[in-house]
Structures are given as C-alpha cells and as structure tokens.
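# Secondary and tertiary structure notes
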Amino acid sequence: MSPITHGLIGWLTANISRKLTRREMGLITLAGVVPDVDGLGLIVEVLTRNTAHPLLWWTEYHHALHNLGFALLVTAAAFFLSRNRVLTALLAFASFHLHLVGDLVGSRGPDGDQWTIPYLAPFSNAWALSWKYQWELNAWPNFAITGLALAATFWLAYKKGFSVVGLISEKADRAFVQTIRNRFSEK
Ligand SMILES: [Zn+2]
C-alpha cells in the first residue's frame, strides 16, 4: 500500500486513545509509515542506474525492514520517546503491524510478482509470509481503504479540531480544520 494510506491508518490507530499527547500520536503514526524507509533506496538506484557502479539498493533491500526485529526497535523508540510509555509503545507496535497486514493483502507488483514478508527476521528465516489472494498496489480495494481512512480522518478533524496535518504544520492544520468545519457545519 502507499505510504499515504499507511500514514492515515497509523493516525487512526493513534486516535484509539484520548490520553495521548500529539507527540505520542505522531510516534504511533510514524510507526505505521516507517517500514517503508527501506524503499528510499529507490532514489539511489534510479540515480546510479546508468553509471559505472549502479547500486541496487531498492532491488536488494526493499521490504528488508518489514519484520519483527525492526518492529521491536520502533516499539522501543516509541516507549522511550513518550510519557504514556506502555500505551504509546503498544499502539506503535499495532500500527507497525497494520502496515505489514496492509502490504500483505494489497501490494502485489504491477508485473504480478508477489513478495513475501520475512516476518521473523533478523532472528529467523522460518516465516516468509504471503497471501495468495494479494491484490495489486493500484487495485480498487486500496483506493476504497484509502477513501475510508480519509473520511475517518476528516470526521475526526471535524470532531476534535486537529488532524494528522498538524504533525507537519500546526498552522496548516488550523486552516484544514477550519475548512472542514465551514464545509460541513449545520447552517
Ligand atoms: Zn510497506
């Protein structure tokens, strides 16, 4: 799934509890996106493609961080960077795993190739997870899920007066919430 969909799902996960600070909600949202940092190798790969020393960082490392080892690292980081430590860590762990589930069900490549999640890495190679009904990255269920997650995000912004936009800019978030409230308020 796209990082945007992962981010929205991570944000919704962070909204499960009312006790969390914005920073803690940010950590949980980030935990839902961060497995895809292994995809940044694509930039390096494209840039070096026609050079004497092409670096195949994407081909070799994409999905290298979609595993339990990295999940535990991210969970520990969430624990130490928050005040509501246990709750933030638990939701960060859940958020990370929702990312894995999302990729498992909806990230088949355009050429139909399917990748597996080496879930127990780096501890063991025992489980390589895949789902034979996995749909393609640009298939309709992904658009439906993104649409639903967006609708929920809008609704939460309307109700709570802040949104995922605030993780990037408080000012942009105020404008965003105002727009939604103006648009949907009963007259
Ligand atoms: Zn992913």
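Rules behind the numbers
- Residues numbered from 1 in each chain as written.
- Predicted model: local features only at pLDDT ≥ 70, side-chain atom pairs only at ≥ 80, totals over all residues.
- Heavy atoms only, no water.
- Donors = N, O, S within 2.8 Å, 3.2 Å for Na, K, Ca; no water.
- Tetrahedral: all angles 85-135°; square planar, octahedral: opposite > 155°, others 65-115°.
- Helix = DSSP H or I, 4+ residues; strand = E, 2+ residues; numbered from the N terminus.
- Buried < 20%, exposed > 50% of the residue type's maximum accessible area, 1.4 Å probe, protein only.
- 1 Å grid on protein atoms, 1.4 Å probe; cavity = no way out; pocket = protein on both sides within 12 Å on 5 of 7 lines; lining within 4 Å.
- Points joined across faces, edges and corners; volume = space filled by probe spheres on them.
- Nonpolar A, V, L, I, M, F, W, Y, C, P; charged D, E, K, R; others polar.
- Core = buried A, V, L, I, M, F, W, Y, C linked by side-chain atoms within 4.5 Å.
- Contact = heavy atoms within 4.5 Å.
- pLDDT = per-residue confidence, 0-100.
- Phe/Tyr/Trp six-rings, centres within 6.5 Å; stacked < 30°, edge-to-face > 60°.
- Expected span 1.5 Å × (residues − 1).
- Axes fitted to C-alpha atoms, helices over the stretch in contact; angles between N-to-C directions.
- Left-handed = near helix turned anticlockwise from the far one by under 90°.

### A word on the coordination of the zinc ion
- The protein atoms that coordinate the zinc ion are Asp-36 (OD), His-66 (NE2), His-99 (NE2) and Asp-103 (OD), at distances of 2.0 to 2.2 Å.
- Because the angles between the 4 donor atoms bound to the zinc ion fall within 89 to 169 degrees, the donor set is best described as irregular.
- Each donor residue of the zinc ion belongs to the same chain, with the gaps between them written as D-x29-H-x32-H-x3-D. Placement of His-66 in the loop between helix 4 (57-61) and helix 5 (68-80) and of His-99 in helix 6 (residues 85-106) is noted, with a sequence separation of 33 residues between them.
- Classification of His-99 as buried rests on a relative accessible area of 1%.

### Considering the layout of surface pockets
- There is about 500 Å³ of room inside the largest pocket.
- What lines the largest pocket is a set of 21 residues, and nearest its centre among them are Trp-58, His-62, His-63, Trp-115 and Leu-137.
- Residue composition of the lining of the largest pocket, by class: 11 nonpolar, 6 polar and 4 charged.
- Here the second largest pocket defines a volume of roughly 160 Å³.
- Taken together, Leu-8, Thr-29, Leu-150, Thr-153, Phe-154, Val-164, Val-165, Leu-167, Ile-168 and Phe-176 form the lining of the second largest pocket.
- Residue composition of the lining of the second largest pocket, grouped by class: 8 nonpolar, 2 polar and no charged.

### Remarks on the nonpolar core
- Residues Val-34, Phe-70, Val-74, Phe-96, Leu-100, Ile-117 and Tyr-119 are the most contacted members of the largest nonpolar core, which totals 14 residues.
- Elements with a contribution of two residues or more to this core: helix 5 and helix 6.
- The element best represented in this core is helix 5, accounting for 5 residues.
- Those residues within four positions of Phe-70 in sequence are excluded, and the remaining contacts are Val-34, Pro-35, Leu-65 and Phe-96.

### A look at the confidence of the model for the protein chain
- Residues at a pLDDT of 70 or more form 99% of the protein chain, whose mean pLDDT is 91.
- Mean pLDDT across the secondary structure elements of the protein chain bottoms out at helix 4, with 77, and peaks at helix 5, with 97.

### Here we look at the side chain of His-6
- Along the chain, His-6 falls in helix 1 (residues 3-14).
- Once residues lying within four places of it in the same chain are set aside, the contact partners of His-6 are Met-1, Gly-32, Val-33, Asp-36, His-99 and Asp-103.

### A short note on the packing of aromatic side chains
- Under the criterion given, the structure shown has 7 aromatic pairs.
- Ring geometry for Tyr-119 versus Trp-127: centroids 6.2 Å apart, planes at 20 degrees, classification stacked.
- By relative accessible area, which is 14% here, Tyr-119 ends up buried.
- Trp-127 sits in the partly exposed class, given a relative accessible area of 47%.

### As for helix 2 (residues 22-33)
- Given a rise of 1.5 Å per residue, 12 residues ought to cover 16 Å, and the 17 Å separating the end C-alpha atoms of helix 2 matches this to within 8%.
- Taken together, the buried positions of helix 2 are occupied by Glu-24, Met-25, Gly-26, Leu-27, Ile-28, Thr-29, Ala-31 and Gly-32.
- For helix 2, the elements touching its buried residues are helix 1, helix 5 and helix 6.

### Some points on the packing of helix 1 against helix 6
- Interaxial distance between helix 1 and helix 6 falls to 9 Å at its minimum, and their mutual angle equals 145 degrees. For the pair helix 1 and helix 6, the crossing hand works out as right-handed. Across the interface between the two elements, His-6, Ile-9, Gly-10 and Thr-13 from helix 1 touch Leu-91, Ala-94, Ser-95, Leu-98, His-99 and Asp-103 from helix 6.
- By residue class, the composition of the contact of helix 1 with helix 6 is 4 nonpolar, 5 polar and 1 charged.

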